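Remarks on the overall topology
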Amino acid sequence: MVKEKIVSMGAKLALKLVRKNPEKAVPFALNVADRFAGKTFPAQMKIIRQFLEDPESNVYQMLARFGEGIDEEVVNKLVKNFLENAMLNGWHKQSELRNSLNCNIPWAILLDPTSACNLHCKGCWAADYGNKLNLTFDDIDSIIQQGKELGVYMYIYTGGEPLVRKKDLIKLCEKHQDCIFLCFTNGTLIDQQFCDDLFRVKNFIPAISLEGNEETTDFRRGEGTYQKVIGAMKLLQKNKLPYGISCCYTSENCDAVTSDEFIDNLCDLGAVFVWYFHYMPVGSDANMDLLLSPEQRKQVYERVRKFRVTK
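Residues numbered from 1 in each chain as written. Predicted model: local features only at pLDDT ≥ 70, side-chain atom pairs only at ≥ 80, totals over all residues. Heavy atoms only, no water.

Digging into the environment of M154
Where we set the bar: Numbering of helices and strands starts at the N terminus; helices are DSSP runs of H or I of at least 4 residues and strands are runs of E of at least 2. With a 1.4 Å probe rolled over the protein chains alone, any residue whose accessible area is under 20% of its type maximum counts as buried; one over 50% counts as exposed, and the rest are partly exposed. Any two residues whose heavy atoms approach within 4.5 Å at even a single point are treated as in contact.
Among the structural elements, M154 can be located in strand β2 (residues 154-157). Judged by relative accessible area, which is 6%, M154 ranks as buried. Counting along the chain gives 72 residues from M154 to F82, while the straight-line C-alpha distance between them is 7.3 Å. Every residue in contact with M154, bar those within four places of it in the chain, is listed here: F82, A86, W107, A108, I109, I180 and L182.

Concerning the nonpolar core
When a protein is soluble and globular, its nonpolar side chains tend to lie buried together. The cut-off we apply is this: Think of a nonpolar core as a cluster: buried Ala, Val, Leu, Ile, Met, Phe, Trp, Tyr and Cys residues, connected wherever their side-chain atoms sit within 4.5 Å.
Ranked by internal contacts, the top residues of the largest apolar core, which has 63 residues, are Y157, F204, M233 and I245. Top contributing element to this core by residue count: helix α10 (residues 225-238), with seven residues. Setting aside chain neighbours within four positions, we find Y157 in contact with L111, P113, I140, I144, P162, L169, L172, F181, L182, C183, F184 and F204.

Re the sheet that holds β2
Defined as follows: DSSP calls a pair of strands paired once it identifies at least 2 bridges connecting them. Each axis is a line fitted through C-alpha atoms, and for a helix only the stretch in contact is used; angles between axes span 0 to 180 degrees, taken between their N-to-C directions.
One open sheet holds the six strands; their spatial order is β1-β2-β3-β4-β5-β6, and the pairing between them is parallel. At either margin of the open sheet sits one strand with a lone partner, and together these are β1 (108-111) and β6 (274-278). Ignoring strand direction, the axes of neighbouring strands in this sheet form an average angle of 20°. Sheet topology note: the β2/strand β3 (residues 180-185) ladder contains four bridges and is parallel. The partner of Y155 across the bridge, within β3, is F181. Set on the sheet, helix α5 (residues 72-101) makes contact with β2, β3 and β4 (204-209); between it and β3 the angle comes to about 105°.

Considering the pattern of salt bridges
A side chain with one charge may pair with a side chain of the opposite charge, provided their charged atoms come close. Note the cut-off: Basic side-chain nitrogens of Lys or Arg form a salt bridge, by our definition, when they fall within 4 Å of a carboxyl oxygen of Asp or Glu.
Evaluated as defined, the whole model comprises 14 salt bridges. Note that K148 is salt-bridged to D178, the shortest N-O span being 3.1 Å. Of this pair, K148 sits in helix α6 (residues 137-149) while D178 is found in the loop between α7 (166-175) and β3, placing the two residues 30 residues apart along the sequence. With a relative accessible area of 11%, K148 lands in the buried category. Given the relative accessible area of 27%, D178 is considered partly exposed. The residue D197 makes a salt bridge to R200 at a minimum N-O spacing of 2.9 Å. Note that D197 and R200 are positioned in helix α8 (residues 192-201) at a spacing of three residues, about one turn of the helix. With a relative accessible area of 15%, D197 lands in the buried category.

Here we look at unusual backbone geometry
For the bond running from G159 to G160, omega is 15°, close enough to zero to count as cis. Unlike most non-glycine residues, N102 shows phi in positive territory, near 55°. In this structure, N102 sits in the loop between α5 and β1. At K202, a residue that is not glycine, the phi angle is positive and equals roughly 70°. Within the secondary structure layout, K202 lies in the loop between α8 and β4.

Considerations on α6
Quick reminder of the rule: The length a helix should cover is 1.5 Å for every residue beyond the first. Along the arc lie the directions from the helix axis toward the C-beta atoms.
For α6, built from 13 residues, the straight-helix expectation of 18 Å at 1.5 Å per residue is met to within 8% by its first-to-last C-alpha distance of 19 Å. Taken residue by residue, α6 has I140, D141, I144, G147 and K148 as its buried positions. Projected down its long axis, α6 shows its buried positions confined to an angular sector of 125°, all on one face.

Description of α8
All of the buried residues in α8 are F194, C195, D197, L198 and V201. Down the axis of α8, the smallest arc covering the buried residues is 160°, so these residues share one side. Where α8 is buried, its residues meet α5, α7, β4 and α10. Following α8 by one or two positions, K202 has its phi on the positive side, about 70°.

If you want it as structure tokens, here you go:
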């Protein structure tokens, strides 16, 4: 308990230094992380140190931008819930239970609050389930409570469109303030009221679906979707809230979503991460032509690996 409090205080001090003097903050933060992690993650810590000790690295520059573009209290909450609870404290508890119970304990739990969605995207299986399948608030609450007892503090919502249930999801954020919640969303239901709620709870991060440019996004998700998504991204950036992007790459958009222009634009709009997902021909009107060729898959693989060290 004492050790956790020391690490928490060190993390908060490191965040303040990042905003004022990154050169001093980085070695301080690394020392705090080393003392807490010990010998648990040697390979990971080596890579992290390699990136953070180089002011020219993309990770170093992203952290500096993260500190400038996101509200300080939101950053503090994310560090507390993601790094301390989910990554460090939770991992130690999970490891103990894996040994004592002789079974796997997941690091994160993914669940679908609802099958309902306000869009009908090509190649998405959610539409096949209709809008009648829902987990009740109590069901989700119970899953989270049981998860925390196992050391799980990271919860990922998919769907359907999870934000159809955004009032319930915000209530769960309020009730489980020690957890971090990530939500895959089409972004069209994000408005100022929701941003106000996110700013209040501080432990919910949207991952907005984007299929590249306007043409490739609207091709899969419907006319006008791209502009709504860009509007949501700008709104989140204006409110100094963190968010990421979810890209499903197909034979039609693989060039668009792996272009330097696309990634640079996401950085300018305040996105802090991107998830890439391979198109799967499942669901209503699944189009086999959207499957990538072997050459395209290789191209995506190589470009994403490049972005990881340059963007």
